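# Results of the structural survey
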Amino acid sequence: QVQLVESGGGLVQAGGSLRLSCAASGRTFSMYAMGWFRQAPGKEREFVAGITWTGGTTFYADSVLGRFTISRHNAKNTVYLQMTSLKAEDTAVYSCAAASRVTKLRAGDNDAWGQGTQVTVSS
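The text that follows walks through the structure, step by step, so that each part is easy to find.

### Digging into the overall build of the chain
Within the chain, the regular secondary structure consists of 1 helix and 11 strands. Moving toward the C terminus, one meets the helices and strands of the chain in the order β-β-β-β-β-β-β-β-β-α-β-β. For 123 residues, the compact-globule estimate of 2.2 N^0.38 gives 14 Å, and the C-alpha radius of gyration of the chain, at 13 Å, lies within 12% of that figure. Principal axes of the C-alpha set define a box for the chain whose edges measure 40 × 30 × 25 Å. The 123 residues of the chain split such that 46% are buried. Look at the contacts in the chain between residues 6 or more apart in sequence, and 54% of them connect residues 24 or more apart. Summed over its atoms, the accessible surface of the chain is roughly 6,200 Å², and 48% of this surface lies on carbon and sulfur atoms. For the chain, the distance from the average position of its 12 positive side-chain charges to the average position of its 8 negative side-chain charges is 7 Å.

Here it is in structure tokens:
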């Protein structure tokens, strides 16, 4: 069982930056891939970015490619999402997740979810 706790959300102006963190605890040895999802009111949850735990291979949604960067600190069991050039449409609740396979992570079929952190981008 893996527990995930996000932090770093807040209010930022369009064009600004924000860094989200997700700390994992519990059975972290079972993790293979971790990533970030977001969901705005009235919209479906969407995949944002992912990373493999061992190799550090990253993958992104087209909507954030070039603006967001996902990374991890293995010793701290923590994954980060550095967001730059933020847009109003980036406003959403951001949640981190862990999965045993990359394909499961992309599909949202994850073993653990964080509680979510609100990101609000003002124009």
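### As for the state of the cysteines
What the rule picks out here adds up to 1 disulfide. The residue that forms a disulfide with C22 is C96, at a sulfur-sulfur distance of 1.9 Å. Across the disulfide from C22 to C96, rotation about the S-S bond amounts to roughly 50°, and the bridge is consequently right-handed. Note that C22 is positioned in strand 3 (residues 18-26) and C96 in strand 9 (residues 92-99), a separation of 74 residues in sequence. Exposure remark for C96: the relative accessible area of 0% places this residue in the buried category.

Cut-offs used in this document
Residue indices follow the written sequence of each chain, beginning from 1 at its first position. Local features in this predicted model are restricted to residues whose pLDDT is 70 or higher, and side-chain atom pairs enter the listing and the counts only when it is 80 or higher, whereas totals over whole chains, interfaces and linings include all residues. Side-chain figures throughout are based on the complete set of non-hydrogen atoms in the structure, without hydrogens or water. Numbering of helices and strands runs from the N terminus; a helix is a DSSP stretch of H or I covering at least four residues, while a strand is a stretch of E covering at least two. Here the globule rule is a power law, 2.2 Å times the number of residues to the power 0.38, and the radius of gyration is based on C-alpha atoms. The rule is simple: take the accessible area with a 1.4 Å probe, protein chains only, and divide by the maximum for that residue type; under 20% is buried, over 50% is exposed, in between is partly exposed. Only heavy atoms enter the contact rule, under which two residues are in contact if any of them lie within 4.5 Å. Working definition of accessibility: Shrake-Rupley area with a 1.4 Å probe, residue cover restricted to the visible protein chains. His is not counted, nor are the chain ends; Lys and Arg add positive charge and Asp and Glu add negative charge. We put the charge of a Lys on NZ, of an Arg on CZ, of an Asp on CG and of a Glu on CD. When the sulfur atoms of two cysteines come within 2.5 Å, that pair is taken as a disulfide.

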